[in-house]
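The residues making up each chain are set out below.
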Amino acid sequence: MDAGTGAGAGTGAVTDAGARAVAVVVPEAATGPVTQASPEPAREPEPALDPEPAPGPDPAPKHTTPEPTPHPDRAHVTALSGGTGGAHALAPLVDTVMDALARGARRRGGPIAPGRPGEVAATVSEVFGGPAAVTGAEALDRLTELLAHGSADPADASCAAHLHCPPLAVAVAADLAVSALNPSQDSWDQAPAATALETLLLQELAGLVGYEPEQAAGVLTSGGTESNLMGLMLARDRVLGAASGRQIELTGVQGAGTDHAPRPRILASAAAHFSVQRAAALLGLGEDAVLPVPVDHHLRMDTEALAAALDGCAARGELPVAVVATAGTTDTGAIDPLRACAALAAEHGAWLHVDAAYGGGALLSDRLAPLLDGLGLADSVSLDWHKLGWQPAAAGVFLVRRSETYASLARRAVYLNPADDEEAGYPSLLGLSLRTTRRADAFKIAVTLRTLGREGLGRLVDACRDLAVAGARAVADHPRLELHSEPVLTAFLFRYLPERPSDTADAPADTAEAQRKYDARCDAVNAALRRRLLREGSAVVGRTELPGEGPGRVRLKLTLLNPHTTAAEVERLLHAVVAAGRAQEEAR
């Protein structure tokens, strides 16, 4: 795939006409360009390429959407969204929402509304809870405008702090259909079509990961935190259960770490997501069961250190339950050496879980997919399509390589999945999830995949990667910015460099003490300039800290997930960072 191709070379065309973008044009086999129109001025959605066929001699009555009304009448606000009349009742309310979103975005006028947290809270309180709070039919309009005005907008080029993507309009439209119908995935009779669709989608995603689709299993989750919990729960049940001869999901973790049982351990890199420790706590293992493995400069797990840690577990009589490898750390997008991690986990009888919530998006790109070599060797995998998949949250995916490893999650509830129903051919997804009521989040992913295809989505991934490379180059070329490392995926770390103080008698500029003081000043200025940008409403930039001790570890972060952003816009954002840094220095 040509490294120079960007969002304009994708498949299908997702057109954003102001705040009301819903039109999707899919050319032959979804191989045309992906384009986004300028947000101002708003215009009507483009027509589909294929015109609607002429109506027959006796066409069914068609609903004509009324002109948008700012405040729907009482009949509309008490109507239901389901049934044959639900769409008619929903249409004017959707128009109200679209108008309010556009007004709120215009009022915001940038990536985030200016102001401090207390000011935002006061504004919300005035509209929602004060003496003059909005009520009745006016609430949808006013509160939607409030939400749009007071939200960070990941579609703005200057909003680039987190793994918080601007969702595709087609995915939002698909999600509206799910919200209107409200299927729940805990029993077939609540979601017949959605049950079948989720099963098919997961088979397709299993193949993309490198699993045998017919042997794998999985479920849609709320995101990487839930998926990581599920992976470590199954690891605990399988590995600790085999070592103790008990069903851990029934008996619990008894006597772990005492003379009667080896202490269970989870090994994860020092840059792994905090949800690993949270999962260990929830699973009764304790956060102290997680052994952090050192990382290199790029925040990748050091496999020699992992081998030493696993050997240390064996020497101390501890039981390595799981190795958690990360494919796409939240800060740098670093990808651990997956094949080496798989070999070491297998050697020590540990479960390998790969947290690919961020990096899993690389599977969509021919250029970046090789970075995930070895992913198919993992026992379980986390993916998040609300990161490099441009879906509205939530769109998490949890997959296991072998369906039989799901056994400890199996559940029978007679009012949801009675045995005789399943014997009669009515399938149930209840035993695949930690949740009972569960949205049909697979639908928006399925619609997006069929609209754009892997190639079209891959071009969006490549466009964001190209932006990150261009941004990192701009940082490296600027005398007041310092790049931490080259981007792996679509994020990179850097910092603003304040002016160095001149030599003083007590601390010459070239001494270790002078460097320590300068690093501490760097930390303070970088943390403060980020807050300055937020107060001004001019940019949303990330902030993190490198592993280690002492000053000099604070870094700013750009996470570029908008494929329609240009390299020039990223460079302007970096200039805004420098300007804020200089202003912060002058204010001290």
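I will try to describe carefully the structure that is included in this document. On a predicted model such as this, the values are computed, not experimentally measured, just so you know.

**Let's talk about the side chain of T559**
And step 1. Checked against the element boundaries, T559 lands in strand β13 (residues 554–559).
And step 2. Residue class for T559 comes out buried when judged on its relative accessible area of 1%.
And step 3. Here the side chain of T559 touches A161 through a polar contact of 3.4 Å, landing on its backbone oxygen.
And step 4. What T559 contacts, discounting residues up to four positions off in sequence, is A160, A161, H162, L163, Y358, T490 and A491.

**With respect to a negative patch on the surface**
And step 1. Where like charges cluster on the molecular surface, the negative patch consists of D189, D420, D421 and E423.
And step 2. The topology assignment puts E423 in helix α12 (residues 419–423).

**Quick look at the packing of aromatic side chains**
Working definition: an aromatic ring pair is given by the centre-to-centre distance plus the angle between the planes.
And step 1. Per the counting criterion, the structure on display carries 3 aromatic pairs.
And step 2. A centroid spacing of 6.1 Å and a plane angle of 75 degrees characterise the contact between F398 and Y406, whose relative ring orientation is edge-to-face.
And step 3. Relative accessible area serves as the criterion here: at 4%, Y406 is assigned to the buried category.
And step 4. Ring geometry for F492 against F494: centres 5.9 Å apart, planes inclined by 45 degrees, an arrangement best described as tilted.
And step 5. Residue classification places F492 among the buried positions, given a relative accessible area of 1%.
And step 6. Positioned above the aromatic ring of Y518, the side-chain terminus of R500 is 3.9 Å from the ring centre.

**Concerning the sheet that holds β13**
And step 1. The strand order across the open sheet built from 4 strands is β10-β11-β13-β12, with neighbouring strands paired in antiparallel fashion. The open sheet has two edge strands with one neighbour each: β10 (481–483) and β12 (542–545). Strand-to-strand twist in this sheet, taken as the mean axis angle between neighbours without regard to direction, amounts to 40 degrees.
And step 2. Pairing between strand β11 (residues 491–496) and β13: 4 bridges, direction antiparallel. If you follow F492 over to β13, its bridge partner there is L558.

Rules of the game
- Residues numbered from 1 in each chain as written.
- Predicted model: local features only at pLDDT ≥ 70, side-chain atom pairs only at ≥ 80, totals over all residues.
- Heavy atoms only, no water.
- Helix = DSSP H or I, 4+ residues; strand = E, 2+ residues; numbered from the N terminus.
- Buried < 20%, exposed > 50% of the residue type's maximum accessible area, 1.4 Å probe, protein only.
- Polar contact = N/O pair within 3.5 Å; in protein donor to acceptor, adjacent residues only side chain to side chain.
- Contact = heavy atoms within 4.5 Å.
- Patch = residues over 30% accessible without salt bridge, like charges linked within 9 Å, V, L, I, M, F, W, Y side chains within 5 Å.
- Areas by Shrake-Rupley, 256 points an atom, 1.4 Å probe, with all protein chains shown as cover.
- Salt bridge = Lys/Arg side-chain N within 4 Å of Asp/Glu carboxyl O.
- Lys, Arg positive; Asp, Glu negative; His and termini not counted.
- Charge placed at Lys NZ, Arg CZ, Asp CG, Glu CD.
- Phe/Tyr/Trp six-rings, centres within 6.5 Å; stacked < 30°, edge-to-face > 60°.
- Lys NZ or Arg CZ within 6 Å of the ring centre and 35° of its normal.
- Pairing = 2+ DSSP bridges.
- Axes fitted to C-alpha atoms, helices over the stretch in contact; angles between N-to-C directions.

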